[in-house]
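The primary structure of each chain is shown beneath.
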Amino acid sequence: MIPIFETLIYPTLKKCNLLVRFLFTGGDLASSVDIHLNKSLTYKGVGTFLDSDYKKLQSKRYSLKVMEAGTDKALLDQKMYFASGGVYSVVIQPNPSKKDKLIAIKFADVHPMSISMLWQIPQYLTITAGEVLFSITGLEFAYSQAPVSMKSCIMAGWLLTVSVGNAIVVIFAEARLTDNMANEFFFFAGLLALVMLVFMLMSYFYKYVYYSANGVVSEDVPLQEAQDETEEKKQTDKN
């Protein structure tokens, strides 16, 4: 789900335009002002209580600069973020803490689009199901194929491989090989596919071995059956 959101949904939302307008109320500092929003938008000579027309912008963080009309005197230099799909009115008014400066207050006439946190549920369900299937299978394999005297050691080795895998993820994530999170997850998916092929080859040539309760190797009798046979033998000897 994360690669899908990074490559499709988020870029689509960023391409959705938004609307913004400005209203200047700071007549005590200047009769009119010039408003600059990065290089995307410029208003010249905006008078007091005269609102500008709505303009289309892309969703991102902008540098809002307001200067006295026709001069380089800066009255406001502020960062402001506009989200996708929203309609905004920005009121530029005197700054109560700095009498010679202005302040910009953003109002959302129409609230921007948002993504619900519930979209994480399918991802967690998929990860949980995969962890349950892989972990239980691996634990059962490591325990059943280990000799009686080495079961604890083999189980510890299994947990060690899990920690090594987590360390590999941390190393590659901190290395920042790419800024695109989707590419990072596709990289991990490629590593997982490679490991899966290796395990497929190993499982094809692997020959299962079963150990009885007393540690004797048996190619036909699983451990549980061997334990049952041992219990039956004990009961027979008692009788």
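Residues numbered from 1 in each chain as written. Predicted model: local features only at pLDDT ≥ 70, side-chain atom pairs only at ≥ 80, totals over all residues. Heavy atoms only, no water.

The protein goes by Solute carrier family 15 member 1 in an unreviewed UniProt entry, where it is assigned to Porites evermanni. Regarding the protein, the UniProt comment filed under Sequence similarities (unreviewed entry) reads as follows: "Belongs to the major facilitator superfamily. Proton-dependent oligopeptide transporter (POT/PTR) (TC 2.A.17) family." If you open the UniProt record of the protein and go to Subcellular location (unreviewed entry), you find "Membrane". (UniProt positions renumbered as here; feature names shortened; annotations may be inferred.)

Turning our eyes to something else, we now look at the UniProt feature "transmembrane region" (unreviewed entry) in the protein. Those residues carrying the UniProt feature "transmembrane region" (unreviewed entry) are residues 155-173 and 185-206 in this numbering. Span residues 155-173 is 100% helix and 0% strand, its end C-alpha atoms 28 Å apart. In the segment residues 185-206, helix accounts for 95% and strand for 0%; the C-alpha atoms at its two ends are 31 Å apart. (Helix = DSSP H or I, 4+ residues; strand = E, 2+ residues; numbered from the N terminus.)

For helix 3 (residues 151-175), spanning 25 residues, the distance from its first C-alpha to its last is 36 Å, which sits close to the expected 36 Å at 1.5 Å a residue. Backbone geometry just downstream of helix 3 places Arg 176 in the positive-phi region, at approximately 55°. (Expected span 1.5 Å × (residues − 1).)

Once that is clear, we can look at the pairing of strand 2 (residues 32-37). Buried residues dominate strand 2, accounting for 5 of its 6 residues. Across 5 bridges, the pairing between strand 2 and strand 3 (residues 41-47) is antiparallel. Bridging across to strand 3, Ser 32 finds its partner in Gly 47. Relative to strand 5 (residues 60-68), strand 2 is paired through 5 bridges, and the arrangement is antiparallel. In the strand pairing of strand 5, Asp 34 is matched with Met 67. (Buried < 20%, exposed > 50% of the residue type's maximum accessible area, 1.4 Å probe, protein only. Pairing = 2+ DSSP bridges.)

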